[in-house]
Amino acid sequence: MVKKALFLRDEDNTCILEPLIKRCRQEQFEVEECNQPPDHETLKNLLPSTPAVLFVPAIEEDCWGVKLAQDALNEKMPHVIVLYAPSMPSREFLCLAFREGVDDIISLDADIETLSSKLKRADHILQARLDSMDAGGQWQREIKSLHLRCEQLECKNAKWEERLLALSSTATRMATGQLRLAESAPSVLIVASSNSQASSAAELCRRLGFKTHLAHTGKDGLEQISKDPPRIILADGTLPDMDATAFAPAARKALGNKPVVIVAWSSSPESEDTLLAPDIGIDDFVLKSTTSEGTGFLAAALLGGLR
């Protein structure tokens, strides 16, 4: 990063700044000068948009130098404020300046070694503030990431609660005899591009008591919906002619006011949020899996659709 130094001249240009400016350049500072002393309003436009060391005249009259330093300190960008004067100001002024946040004061009658030491100290303070700002930014990014993760977990938890309530409602209806799958055999349409996956899901549906229909493209699925409206649709996330985000709205349009629960079935866990977006019309998401746990989740989604 380029080290910047901005010199604000005193009103009468009585201070001889050339030795200090020369020393700044030797210390690899990029020097800018403002030959007209700024007022309260114009100072903001003069301040660098990047971190810098500001050299402000230590004018004791009306505490003007301290007021300029205060204005500079009010900016969010980290700056180091160094007051300069032909000779060391009064003790009272020094106390006021340091109390108000000035970082250092340079007496221009100091020797070259002292000037160099002061500049190195100013550079060190600036680097420390930049490091602190970076650390603070890292904390902010980590906090933001944790907030986002918390929101995601809350959404997932709400979705699992919704699924549990749906399954609980179906279980209650079955336990009280309101729902008899062996007698009613609700219809489920499986729309999947893979023959083996469709057959596996169809076998599970039959064991659960569903009347099962198969389709391997979105177009075939929509045609079957028009002929025999299903109670539940299990739709592959990606079909040969369309994906579930296009198929689900088309299916609901074809069904009109007839009730249906659409379950998206995908091998991509990253697609869950996209598929469950409110305007898509998909009610649930199940991750494809050949494990017993995956089969259980699919069975729960299908039975929960009968809530």
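Everything quoted here is computed from the prediction, not taken from an experiment.

Moving on, we come to the overall build of the protein. Broken down by element type, the protein carries 11 helices and 10 strands. Counting over 307 residues, the protein shows a buried share of 41%. Considering only intrachain contacts with a sequence separation of at least 6, the fraction spanning at least 24 residues in the protein is 65%. A total accessible area of about 17200 Å² is found for the protein, and carbon and sulfur atoms account for 52% of it.

Moving on: helix α1 (residues 18–26). Listing the buried residues of α1 in full gives L20, I21 and C24. For α1, the angular spread of the buried residues around the axis is 100°, confining them to a single face. Positive phi shows up at Q28, right after α1, with a value of about 70°.

Here the focus is the pairing of strand β6 (residues 187–191). With five of its five residues buried, β6 lies for the most part within the structure. Burial along β6 is two-sided: S187, L189 and V191 and V188 and I190, pointing in opposite directions, are all buried. Here β6 pairs with strand β7 (residues 211–215) via five bridges, running parallel. Across the sheet, S187 pairs through a bridge with K211, a residue of β7. Between the parallel elements β6 and β7, the chain passes through helix α7 (residues 195–208) in a crossover that is right-handed. Of the pairings in the sheet, the one linking β6 to strand β8 (residues 232–236) comprises four bridges and is parallel in character. Within the sheet, the bridge partner assigned to L189 lies in β8 and is I233.

Right, let's get into the sheet that holds strand β3 (residues 52–57). In space, the five strands of this open sheet follow the order β2-β1-β3-β4-β5, with parallel pairing throughout. Single-partner strands in this sheet number two, and they are β2 (29–34) and β5 (104–107). Adjacent strand axes in the sheet meet at a mean angle of 25° when their direction is disregarded. Pairing of strand β1 (residues 3–8) with β3 involves four bridges; the strand directions are parallel. Paired with A5 across the strands is V53, a residue of β3. Contacts from α1 reach β1, β2, β3 and β5 within the one sheet, and its direction differs from that of β2 by about 150°. Helix α4 (residues 91–99) contacts β4 (79–85) and β5 of the sheet and is inclined by roughly 140° relative to β5.

What follows is about unusual backbone geometry. Phi at Q28 takes a positive value of approximately 70°, unusual for a residue other than glycine. Of note, Q28 is situated in the loop between α1 and β2. Although it is not a glycine, A185 sits at a positive phi angle of roughly 40°. Checked against the element boundaries, A185 lands in the loop between α6 (181–184) and β6. Since its relative accessible area comes to 27%, A185 is described here as partly exposed.

Pairing is parallel in the open sheet, where five strands are placed in the order β7-β6-β8-β9-β10. Every other strand in the sheet has two partners, leaving β7 and β10 (284–287) as the edge strands with one partner each. Each adjacent strand pair in this sheet contributes to an overall mean axis angle of 20°, direction not counted. Relative to β8, helix α9 (residues 244–255) is tilted by about 155°, and along the sheet it contacts β6, β8 and β9 (261–266).

With respect to burial, β9 is a largely interior element, six of its six residues being buried. Covered by surrounding structure in β9 are V261, V263 and W265 together with I262, A264 and S266, the residues of both alternating faces. Relative to β9, β8 runs parallel, the two sharing five bridges. Looking at the pairing, I233 lines up with I262 of β9.

Turning our eyes to something else, we now look at the side chain of D123. Counting through the fold element by element, D123 comes out in helix α5 (residues 112–175). Relative accessible area serves as the criterion here: at 17%, D123 is assigned to the buried category.

What follows covers α7. The first and last C-alpha atoms of α7 sit 20 Å apart over 14 residues, in line with the 20 Å expected at 1.5 Å per residue. By the burial criterion, the buried members of α7 are A198, A201, A202, L204 and C205. One side of α7 holds all its buried residues, which, seen down the axis, span an arc of 160°. Turned more than 90 degrees from where α7 packs its buried face, N195, S196, S200 and R207 sit exposed. Backbone geometry just after α7 places G209 at a positive phi near 110°.

Cut-offs applied
Numbering of residues starts from 1 in every chain and runs along the sequence as written. Two thresholds apply to this predicted model, a pLDDT of at least 70 for residue-level local features and 80 or more for giving and counting side-chain atom pairs, whereas whole-chain, interface and lining totals are computed over all residues. No hydrogens and no water enter the side-chain calculation; it runs on all heavy atoms of the structure. Helix and strand assignments follow DSSP, with helices taken as H or I runs no shorter than four residues and strands as E runs no shorter than two, numbered in order from the N terminus. Buried residues are those whose accessible area, probed at 1.4 Å on protein chains only, stays under 20% of the maximum for their type, while exposed residues exceed 50% and partly exposed ones sit between those limits. Between two residues, a contact is recorded if the distance between any of their heavy atoms is within 4.5 Å. To measure how exposed things are, a 1.4 Å probe is used in the Shrake-Rupley method; for residues, cover is taken only from the protein chains shown. Think of the arc as the fan of directions from the helix axis to the C-beta atoms. When DSSP finds at least two bridges between two strands, those strands are taken to pair. When the strands point away from the viewer, a crossover counts as right-handed if the path from the first strand over the helix to the second runs clockwise. Think of each axis as a best-fit line through the C-alpha atoms, taken over the contacting stretch in the case of a helix, with angles from 0 to 180 degrees between the N-to-C directions. The span expected for a helix works out to 1.5 Å for each residue beyond the first.

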